[in-house]
Amino acid sequence: MYQLNNKVAIVTGSGRRKGIGEAIVLRLAAEGCRLVVSDLGQPKGNEFAAEHIGVSEEVQDIANSCRALGAEVLTISCDVRDDIECQRLIFATVEKFGRVDILVNNAGVGYLMEPFTEFKESSWDAVLDVNLKGAFLCSKYAANQMIQQGTGGSIVNIASQAAKSGFPFAAAYTASKHGLVGLTRSNAVELGKHKIRVNAVCPNHITTGLGHWQNIFFSEKMGMDYATYMQSIVKKNPLGRTGLTEDIAKAVAFLCSEEAAYITGEAMNVSGGEEYH
Ligand SMILES: NC(=O)c1ccc[n+]([C@@H]2O[C@H](COP(=O)([O-])OP(=O)(O)OC[C@H]3O[C@@H](n4cnc5c(N)ncnc54)[C@H](O)[C@@H]3O)[C@@H](O)[C@H]2O)c1
């Protein structure tokens, strides 16, 4: 365990069952953090349909699972594309817990995939607005709060293997995740003097709600049935399996801890050895 007792942690996009965000809040709850479970909470237009997002019942369920581990939990709905809502996320956290020590920018959209020559501007904007602008806005307000507190902090951005390599049909997703690593490095350099560490974690192939959607999408594109596609994924992975949400949660807990006190500006692959640069 990483001794995160009483640290106040906000995890965006953590209100969807089976998601990486859910695993992160459960792990941070087990580590003794006080938590903000945040998500969209309700569908918004075609691009944010209920089947793709964390709705309020799921948010409450996940918050209750964290409480069952002994954590104090606040739930806040926040659309990370919206400047005012991101400010409110930080202010409401401070109102409840008095401080912010950890921010995990986990909210992400990976289901708007189209051939590049037909890529819709609206899809591009939705992906970039959540995956990159959302992390910028939440980090900006969290960093201001951490600077005021004067005791440092940790920001972890959930990037992707698509932050290191290109993928077909995923121009916006790949660009946003590469950009997120750029944001990570720039913020690490600029905020280091305040003892705020900024790192990214780069997962691959985890069968979350989003991961399942991507498995169906890519298996169809490759003309394979689902099972054959999954076998092909496992076959090319040095550790011979796909990732688990808990694999990412462990990496996040480590990066937020004193064990990682001299680590900042990193984009850590958690990919079973599939991605190594
Ligand atoms: N599953 C994978 O294989 C995989 C691989 C690499 C990276 N990732 C990244 O991990 C993160 C979590 O993904 P996941 O696989 O757990 O999928 P998920 O769909 O379970 O989680 C994404 C969350 O983001 C939330 N979200 C979407 N738009 C939002 C908005 N405007 N404001 C606030 N929240 C919003 C969703 O409601 C959802 O809860 C994402 O950033 C994703 O890109 C996932």
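Above this note sits the structure.
All of the points below concern the structure found in this document. (Residues numbered from 1 in each chain as written. Predicted model: local features only at pLDDT ≥ 70, side-chain atom pairs only at ≥ 80, totals over all residues. Heavy atoms only, no water.)

### Examining the site of the ligand
Quick reminder of the rule: Nearness here has a simple test: a residue counts as near a molecule or strand if at least one of its heavy atoms is within 4 Å of that partner. Pairing of N or O atoms within 3.5 Å defines a polar contact, subject to two protein rules: one partner must be a possible hydrogen donor and the other a possible acceptor, and residues neighboring in sequence count only if both atoms are side-chain atoms. Here the accessible surface of atoms and residues is derived via Shrake-Rupley with a 1.4 Å probe, and residues count as covered only by protein chains that are part of the display. Three classes are used, and their members are as follows: Ala, Val, Leu, Ile, Met, Phe, Trp, Tyr, Cys and Pro are nonpolar, Asp, Glu, Lys and Arg are charged, and the others, Gly among them, are polar. For each domain, the first and last residues come from an automatic or database assignment.
Taken together, 30 residues are adjacent to the ligand, and Arg-16, Asp-39, Tyr-173, Ile-206 and Thr-208 come closest. Between an oxygen atom of the ligand and a side-chain N or O atom of Asp-39, the distance comes to 2.5 Å. Between the ligand and Lys-177 there is a distance of 2.9 Å, counted from an oxygen atom to a side-chain nitrogen or oxygen. Considered on its own, the ligand offers 820 Å² of accessible surface; in the complex 99% of this is hidden by protein. For the shell around the ligand, the class distribution of residues is 15 nonpolar, 10 polar and 5 charged. Both of domain 1 (8-204 + 245-269) and domain 2 (205-242) provide at least three residues apiece to the shell around the ligand.

### Regarding the pairing of strand β1 (residues 8-11)
Just so we agree on the cut-off: Only protein chains enter the accessibility calculation, which uses a 1.4 Å probe. A residue is then buried if its area is under 20% of the maximum for its type, exposed if over 50%, and partly exposed in between. Numbered from the N terminus, helices here are DSSP runs of H or I no shorter than four residues, and strands are runs of E no shorter than two. Orient the strands so they point away from the viewer; a crossover is then right-handed if the path from the first strand over the helix to the second runs clockwise. Strands are treated as partners if at least two bridges between them are detected by DSSP.
Residues Val-8 and Ile-10 of β1 are buried on one face, and the alternating residues Ala-9 and Val-11, pointing to the opposite face, are buried as well. Tracing the backbone out of β1, into helix α1 (residues 20-30) and back to the parallel element strand β2 (residues 34-39) gives a crossover that is right-handed. Taken together, the 3 bridges between β1 and strand β4 (residues 102-105) define a ladder with parallel strand orientation. Within the sheet, the bridge partner assigned to Val-11 lies in β4 and is Val-104.

### A word on the side chain of Glu-275
In plain terms, the rule: Charge convention: Lys and Arg are scored as positive, Asp and Glu as negative, and His as well as the terminal groups of each chain are ignored. Salt bridge, as used here, is a side-chain nitrogen of Lys or Arg placed within 4 Å of a carboxyl oxygen of Asp or Glu. Residue contacts are defined here by distance: any two heavy atoms, one from each residue, within 4.5 Å place the two residues in contact.
Relative to the assigned elements, Glu-275 resides in the segment after β7 (267-270). Buried Glu-275, no salt bridge; nearest opposite-charge side chain is Lys-164, N-O distance 6.3 Å. Those residues in contact with Glu-275 that sit more than four places away from it in its chain are Gln-161, Lys-164, Ser-165 and Asn-269.

### Focus on helix α6 (residues 209-221)
Where we set the bar: Each residue after the first adds 1.5 Å to the expected span of a helix.
The end-to-end C-alpha distance of α6 is 19 Å, a good match for the 18 Å that 13 residues give at a rise of 1.5 Å each. For α6, the complete set of buried residues consists of Gly-211, Gln-214, Asn-215, Phe-217, Phe-218 and Ser-219. Between a side-chain oxygen at the N-terminus of α6 and the backbone nitrogen of Leu-210 the separation is 3.3 Å; the capping residue is Thr-208.

### Quick notes on helix α3 (residues 83-97)
Where we set the bar: Arc, as used here, means the arc of the directions from the helix axis to the C-beta atoms.
Between its first and last C-alpha, α3 extends 21 Å over 15 residues, near the 21 Å set by a 1.5 Å rise per residue. Buried within α3 we find Cys-86, Leu-89, Ile-90, Thr-93 and Phe-97. Take α3 and look down its axis: the buried residues cluster within an arc of 85 degrees, on one side only. Opposite the buried face of α3, at more than 90 degrees from it, the exposed residues are Ile-84, Phe-91 and Glu-95. Buried positions along α3 lie against β1, β2, β3 (73-77) and α4 (121-149). The opening residue of α3 is Asp-82, an N-cap whose side-chain oxygen sits 2.9 Å from the backbone nitrogen of Ile-84. Immediately beyond the C-terminal end of α3, within one or two residues, lies Gly-98, with a positive phi of roughly 85 degrees.

Scope: geometric values only; no functional claims are made or implied.
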